[in-house]
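Topology and contacts: notes
As a plain string of letters, each chain reads:
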Amino acid sequence: MVIFEQEHTFALHDAKMDTASTLVRIYDTFRALVRSASPIDVATGLAAIWALRAVIQAFRRRFRTTRLRGPKSTSLLFGVARELFTSPDTGTIFEEWSKKYGVAYEVPMIFGRRRIVLCDPKAAAYLLSRDTWSYVGTAGNKEHMSRTIGKGLFWSEGESHRRQRRSIAPSFNSTTIRKLSPAIHKTVDKVKAAWETSIESNGGGTVVLDVQKWMHYVSLDSFGIAGFSYDFGSLHGRPNSMISVLDAFGAPSTPNFWDGTVLLISLFYPVILNVPTSRVEMFTKLRARMSEICEVLIDNAAKEQDDASDERVSTIGLLLKSEDGNSGRRITREEVKAQIRTLLFASYETTAIMMTWALIELARHPNVQTKLREELLSFGEEPSYDQLTTGFPYLDAVVQETLRTHSAVQDLIRQVRRHVKNPRSVLDLTVFILQASEDDVIPLSQPVQTRSGEVVDSIAVKCGTEIGISVQGMNRSEAIWGPDAKLYRPERWLEPDGVTTKAQEVKGYRHLLTFGDGPRACIGKLFAIAEIKTVLSVVIKNFVLEMRDGLDTKIEVERGITLRPKVAGEEGIKVPMKIRQYKG
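Residues numbered from 1 in each chain as written. Predicted model: local features only at pLDDT ≥ 70, side-chain atom pairs only at ≥ 80, totals over all residues. Heavy atoms only, no water.

Close inspection of predicted coordinates is inappropriate in any region flagged by low pLDDT. Averaged over the protein, the pLDDT score is 78; the fraction of residues at 70 or greater is 72%. A low-confidence stretch, residues 1–20 (pLDDT under 50), is modelled with zero contacts involving residues beyond four sequence positions or located in other chains. Counting interchain partners and residues more than four positions distant, the pLDDT-below-50 stretch residues 418–437 has 24 contacts. (pLDDT = per-residue confidence, 0-100. Contact = heavy atoms within 4.5 Å.)

A few words on the side chain of Ser-234. Relative to the helices and strands, Ser-234 is located in the loop between α9 (211–228) and α10 (241–250). Once you skip the residues sitting within four places of it in the chain, Ser-234 turns out to touch Tyr-217, Leu-220, Asp-221, Asn-240 and Ile-243. (Helix = DSSP H or I, 4+ residues; strand = E, 2+ residues; numbered from the N terminus.)

For the α-helix, the turn length of 3.6 residues means that residues three or four positions removed from each other point alike. If you check helix α14 (residues 333–364), its first and last C-alpha atoms are 46 Å apart, about what 32 residues at 1.5 Å a residue would give, namely 46 Å. Largest kink in α14: about 30 degrees, centred on Ala-346. Of all 32 residues that make up α14, 28 are buried, and the element is covered over most of its length. (Expected span 1.5 Å × (residues − 1). Bend = angle between axes of the 7 residues up to and from the residue. Buried < 20%, exposed > 50% of the residue type's maximum accessible area, 1.4 Å probe, protein only.)

What you tend to see is this: most non-glycine residues have negative phi, and most peptide bonds are trans. Even without being glycine, Ser-229 reaches a positive phi, approximately 55 degrees. Its location among the elements puts Ser-229 in the loop between α9 and α10.

To continue, consider the environment of Val-336. Mapping Val-336 onto the fold places it in helix α14. Counting along the chain gives 184 residues from Val-336 to Gly-152, while the straight-line C-alpha distance between them is 7.9 Å.

Before going further, it helps to spend a moment on the sheet that holds strand β9 (residues 543–547). What the three strands build is an open sheet, ordered β4-β12-β9; its pairing is antiparallel. With partners counted over all chains shown, the strands left at the sheet margins are β4 (207–210) and β9, one partner each. In this sheet, neighbouring strand axes are inclined to one another by 40 degrees on average, regardless of whether the strands run parallel or antiparallel. With four bridges joining them, β4 and strand β12 (residues 576–581) adopt antiparallel strand pairing. Looking at β12, one finds that Asp-210 is bridged to Pro-576. Those strands touched by helix α21 (residues 525–542) are β9 and β12, and its axis lies near 90 degrees from that of β9. (Pairing = 2+ DSSP bridges. Axes fitted to C-alpha atoms, helices over the stretch in contact; angles between N-to-C directions.)

Bringing the pairing of β12 into the picture now. Bridge analysis of β9 against β12 gives five bridges, and the strand direction is antiparallel. Across the sheet, the residue bridging to Glu-546 is Lys-578, located in β12.

Moving on: the nonpolar core. Ranked by internal contacts, the top residues of the largest apolar core, which has 116 residues, are Leu-118, Trp-195, Ile-340, Ile-442, Leu-536, Met-577 and Ile-579. The dominant element in this core, judged by the number of residues it contributes, is α14, at 16 residues. Apart from the residues lying within four places of it in its own chain, the contact partners of Ile-340 are Phe-228, Cys-294, Leu-297, Ile-298, Ile-316 and Leu-319. Counting residues in each nonpolar core, the second largest holds 11 residues, with Val-80, Ala-81, Tyr-101 and Cys-119 among its members. (Core = buried A, V, L, I, M, F, W, Y, C linked by side-chain atoms within 4.5 Å.)

This part takes up the pattern of salt bridges. Here the structure, examined in full by the defined rule, presents 30 salt bridges. With its nearest N and O atoms 3.4 Å apart, the salt bridge here joins Glu-361 to Arg-364. Taken together, the positions of Glu-361 and Arg-364, both in helix α14 and three residues apart, correspond to about one turn of that helix. On the accessibility criterion, Glu-361 (5% relative accessible area) is buried. (Salt bridge = Lys/Arg side-chain N within 4 Å of Asp/Glu carboxyl O.)

A few words now on the packing of helix α15 (residues 366–379) against α21. Each pair of packed helices gets described by two things: the angle between the helix axes and the distance between those axes. Contact geometry for α15 and α21: axes closest at 9 Å, N-to-C directions at 100 degrees. Overall, the two elements α15 and α21 adopt an arrangement that is roughly perpendicular. From α15, Gln-369, Leu-372, Arg-373, Leu-376 and Leu-377 reach across to α21, where they touch Leu-536, Ser-537, Ile-540 and Lys-541. When the residues that make up the contact of α15 with α21 are grouped by side-chain class, the tally is five nonpolar, two polar and two charged. (Parallel < 35°, antiparallel > 145°, perpendicular 65-115°, else oblique. Nonpolar A, V, L, I, M, F, W, Y, C, P; charged D, E, K, R; others polar.)

Following this line, the structure appears as structure tokens:
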């Protein structure tokens, strides 16, 4: 027995020695691998580990989240993500799936992840009404946002989002926009003068102009003056570094296979953005250049701040005041720059794109253009902000129909927030525990069939579940807006039953999701609408617009960061139109 115990002791000792030596060999091997690996190898390895972790988490969530029916995967690795990522019109895709699987379904995404898609007014209203703690942006989208325009309103959540939104909210209410309306109108008058000069120099007849370029210019200049007390001079043809930067952000790209794959994977696993690619390098340089321009705007605003009264304070002035710790809205200088980048990008891209689409539809529908011109000319003098807001019903209908049919944003993607173990403060801890770390149940307006065949009128979602709402799909859904939902028909907004009962269940602005809804609704929607109406009132009253190649000109959408329209089959992102003065 003693001999056995002694031998057993030696065996244990030898086993421990073998284990120790094995661990040493593994450690040495790992060190050698790390030393010999390139940065790309290390980043790829980390991405693989991250992906494996996410796959395991997604597999676990499947057994706690309502399993819904949905389309089959078209790729073992990418699911249907590649099709959605490259499609210029995901709304049509989502609507077709909704017809087949119901108002809530799930789609397979990259590396086994799944996303629940909602095409239901009740479910969308519930989701978007929740505060910014409960449903948050996905890690991939947030990382892209952080690297391009910074940690502004688009990026922030919870208390940070409330603080940032509160700091600039006064510059976007109706009272402020009413005061800014003359400045907007003055900027649009520069477009009128420039077009008249171009027509005159062309013999007084018809001239062909790229209206998309002009809409970008007027949007940048009007918000520059109204928001930053700074004239970018785009409409005067002044060399403008801001335009070149914003155009580079919004321009479509044709990445090689490696860049495209990294970009797609990064939307779900942002760690892979540390892998060097030409696209990542381009965005890094563009953001640095935009930061330099933001510093110029901040310096310019700081010089004027002491002389400005509270009534004249601009958006950038409010941001600088919010740097004051006594304001109760304390934000950092980096947040100030992020807000400026966010507002510049939103005004230059989204508002300009919607104005371009409005001109396209008016050129495509001469009868609508004529009817709108008659309403505008019947007023006589230049309308005020209040008159533009409520005094022109057909103008309002044209704007609303444009917002319905041509949203600048395709989808809203949210994620049920995970429980956070180390919040920064007791306040944050309270909010996370009460609103963020608990699972949720989303109500539906009509029942759907689950994968097991059960019929349910609500769906359970667990922490980490990704949820998408197709803005385009719901804005143009035949199930919501009726059989003529795909048609551009402003009259629907003037008819007693033009907005269907189902559409009235949509809780967004004027029953549309174009500006989102809830705490994250677009803060600048009133400014955008005022600008669109001002542009249309001036342009349509003074000019006649036609598609350069006739009514049947095919328009396609070019996908960059946003969706810009262009003439199909032509180089560049241009919308050339024949323009002549209206002479009565």
